[in-house]
Amino acid sequence: MFNKINNCHNTKDFRKLAKRKLPGPIFHYIDGAADDEVTYRRNTEAYEQCDLIPNVLSGVENIDMSTTVMGQKIDMPIYLSPTALQRLFHHDGEKAVGKAAEKFGTMFGISSLATVSIEEIAQKIKTPKLFQLYVHKDKGLNKNMIDRCKESKFEALAITVDTIVGGNRERDLYTGFTSPPKLTLKSLMSFATHPSWVFNYLTHPSFELSQLKNYIGEGTDISVSIGDYFTKVIDQSLDWKAAEEINKYWGKHFALKGIMSVEDAKRAIDIGATAIIISNHGGRQLDGSRSPFDQLAEIVDAVGDKIDVICDGGIRRGTHVLKALSLGAKACSGGRFYLYALAAGGQKGVEKALSNFHSEIKRDMQLMGVTNIDQLTRKNIIFR
Ligand SMILES: Cc1cc2nc3c(=O)[nH]c(=O)nc-3n(C[C@H](O)[C@H](O)[C@H](O)COP(=O)(O)O)c2cc1C
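**What to know about the pattern of salt bridges**
For the structure on display, the rule yields 20 salt bridges. Notably, a salt bridge pairs Lys232 with Glu218, separated by 2.7 Å at the nearest N-O pair. Linking Lys232 in helix 10 (residues 226–233) with Glu218 in the loop between helix 9 (195–203) and helix 10, this pair joins segments that are 14 residues apart in sequence. A relative accessible area of 16% places Glu218 in the buried class. Asp308 is the partner of Lys330 in a salt bridge, and the nearest nitrogen-oxygen pair spans 3.5 Å. Residue Lys330 is located in the loop between helix 14 (318–327) and strand 11 (331–334), and its partner Asp308 is located in strand 10 (residues 308–312); the two are separated by 22 residues in the primary sequence. Here Lys330 falls in the partly exposed class, since its relative accessible area comes to 33%. In this structure, a network of salt bridges that share partners links the residues Arg15, Asp31, Glu37 and Arg171.

This is the structure:
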């Protein structure tokens, strides 16, 4: 009964369906995290160790859940974090995700490791777009990506700062996952038992990392693990000065994705960022690092009046969003919640995942007795 998108009522349902639809190495690339996956689990568990306190009799027939982040008004307080390699999860990849985001009026994050070009996305998706820059050693490539985003009028740029080397994603080591996928003895059975995935992969335009293919063979023509990719081509000399220069060159809304400490949150303001995305990359990098939700209040208290604070990762329910907003986040963002849905059913799947969140957030706000998200405050939440 779970093979229908309409029967997917939450992220767990989509995860189950994605697991059935994808060859093992690809499913585990999405689902997996670093080392013992402690941080990955904590990212969600943290939301379950505090409770919401509702008020009643508040007249809640009209709900406005919109918010403004990085200068963009979005219709719901959760947006789609940038994620790599989307055409491996469904042949429509970023086009499907972008269209679903557009339909729900929320922001679409596009990874440097996207499989559709910046220009095609800009031409197809008219709602706010955030480009995520991995700062590569090749400065010409970095400039090229930024220039293309400027030309294509992307609204915001985020540099990801928590992937200075690749995380130790052991599931990928066991399955032999690479980009592009490589058929090995280990993975043969898994691909053979998913013929519709193989058919779609072979009958749609060839897989590529659209922004990188003219600069780097790895990822498009040469199979590489994502961990090795980061370690080999990402600029490990990246520092605050370089981030500031990138921001100046970009000249529009600018975010740092992967900020975890109060000290770094303050430095982000000093270099002129308009937002920080509190994130540990969905537990895929430093296992043992704190969860974004656990770290949120401290960062909001220090910088929340000067910069947009976004809480990223671990979000699986509308109440998780309400809890982050109650602590002072401007919005939330997430990856797996829509990637499972993409794998489960392309654009329709992502639309259903966003629709689930939309109805949960609306219902939860009504049950909390608030009509807009500014009414959610620390008075609404208590830690056990
Ligand atoms: C399959 C996958 C690919 C990802 N690729 C990128 C990426 O290319 N760039 C980036 O900044 N973050 C990437 N992330 C991290 C997400 O942007 C986001 O921080 C993370 O998914 C949040 O955790 P959640 O999946 O629990 O919501 C990726 C995450 C996943 C699951």
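Following the structure, the description resumes.
**Here we look at the pairing of strand 11**
The side chains of a regular strand alternate between both faces of the sheet. Both faces of strand 11 are covered, namely the face carrying Ala331 and Ser333 and the face carrying Cys332 and Gly334. Bridging between strand 4 (residues 78–80) and strand 11 involves three bridges; their strand directions are parallel. Each residue of the ladder has a partner; that of Ile78, found in strand 11, is Cys332. Where strand 10 meets strand 11, three bridges bridge the pair, whose relative direction is parallel. What sits directly across from Cys311, in strand 11, is Cys332. A crossover links strand 10 with its parallel partner strand 11, the connecting element being helix 14, and its sense is right-handed.

**Considering the site of the ligand**
What surrounds the ligand is a group of 23 residues, the closest being Pro82, Ser111, Tyr134, Thr160 and Asp312. Taking Lys257, its side chain carries an N or O atom lying 2.9 Å from an oxygen atom of the ligand. A distance of 2.9 Å separates an oxygen atom of the ligand from a polar backbone atom of Gly335. Bound to the protein, the ligand loses 99% of the 600 Å² it would expose on its own. Here the ligand occupies the largest cavity. Every element with two or more residues in the shell around the ligand is listed here: helix 2 (24–31) and helix 15 (336–368).

Reading the values: rules and limits
Residues numbered from 1 in each chain as written. Predicted model: local features only at pLDDT ≥ 70, side-chain atom pairs only at ≥ 80, totals over all residues. Heavy atoms only, no water. Salt bridge = Lys/Arg side-chain N within 4 Å of Asp/Glu carboxyl O. Helix = DSSP H or I, 4+ residues; strand = E, 2+ residues; numbered from the N terminus. Buried < 20%, exposed > 50% of the residue type's maximum accessible area, 1.4 Å probe, protein only. Pairing = 2+ DSSP bridges. Right-handed = clockwise from strand over helix to strand, strands pointing away. Near = heavy atom within 4 Å. Polar contact = N/O pair within 3.5 Å; in protein donor to acceptor, adjacent residues only side chain to side chain. Areas by Shrake-Rupley, 256 points an atom, 1.4 Å probe, with all protein chains shown as cover. 1 Å grid on protein atoms, 1.4 Å probe; cavity = no way out; pocket = protein on both sides within 12 Å on 5 of 7 lines; lining within 4 Å. Sits in = over half its atoms within 2 Å of the grid points.

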